[in-house]
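# Survey of secondary and tertiary structure
This is what each chain is made of:
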Amino acid sequence: MSETSRRKFLAATGAGVAGVAVVGVAGGTAQAATTRRKNAATEPVVAYVPEPEAGVLHLMVGEREVIVEDHDLVARILNAAGGK
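Fair warning: this is a prediction, and the values are worked out from it, not measured in the lab.

Here we take up the sheet that holds strand E2 (residues 56-61). Taken together, the three strands give an open sheet; going across it, the order is E1-E2-E3, and neighbouring strands pair in antiparallel fashion. The sheet is open, and its two borders are formed by strand E1 (45-48) and strand E3 (64-69), each paired with just one other strand. Averaged over all pairs of adjacent strands, the angle between their axes in this sheet comes to 25 degrees, without regard to strand direction. Along the sheet, helix H2 (residues 71-81) makes contact with E1, E2 and E3, crossing E2 at roughly 75 degrees.

And the structure:
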């Protein structure tokens, strides 16, 4: 992905990600707070799940992409995003 299109993507989806975070908090499920590590991201992060069944999550972090396999996290993100 080119730098220009990545920046446009991040700008366009920033509000959507904030909305998903609010939905997750407003969902009413009380969960224990997780403490951020010292090396946690400090830049905006956009999560992308291209194939939900695979349990793979693509994270756009500043100028880089991080790919994580975490079926539980993918399920929680999809649940927070809701259905059609």
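Back to the text.
With that out of the way, let us pick up the environment of Pro50. Relative to the helices and strands, Pro50 resides in the loop between E1 and E2. For Pro50, a relative accessible area of 36% gives the class partly exposed. Beyond its immediate chain neighbours, meaning those up to four positions away, Pro50 contacts Val56 and His58.

According to the stated counting rule, one finds one salt bridge in the structure shown. In this structure, the salt-bridge partner of Arg76 is Asp72, at a minimum N-O distance of 3.4 Å. Of the two residues, Arg76 and Asp72 both sit in helix H2, four residues apart, roughly one turn of that helix. Look at Arg76 and you get partly exposed, because its relative accessible area is 40%.

Attention now goes to the nonpolar core. In this structure, Val49, Leu57, Leu59, Val61 and Val74 together form the largest nonpolar core, which totals five residues. Those residues within four positions of Val74 in sequence are excluded, and the remaining contacts are Val49, Pro52, Gly55, Val56 and Leu57.

About the criteria used
Residues numbered from 1 in each chain as written. Predicted model: local features only at pLDDT ≥ 70, side-chain atom pairs only at ≥ 80, totals over all residues. Heavy atoms only, no water. Pairing = 2+ DSSP bridges. Helix = DSSP H or I, 4+ residues; strand = E, 2+ residues; numbered from the N terminus. Axes fitted to C-alpha atoms, helices over the stretch in contact; angles between N-to-C directions. Contact = heavy atoms within 4.5 Å. Buried < 20%, exposed > 50% of the residue type's maximum accessible area, 1.4 Å probe, protein only. Salt bridge = Lys/Arg side-chain N within 4 Å of Asp/Glu carboxyl O. Core = buried A, V, L, I, M, F, W, Y, C linked by side-chain atoms within 4.5 Å.

Distances and angles like these do not, on their own, reveal function.
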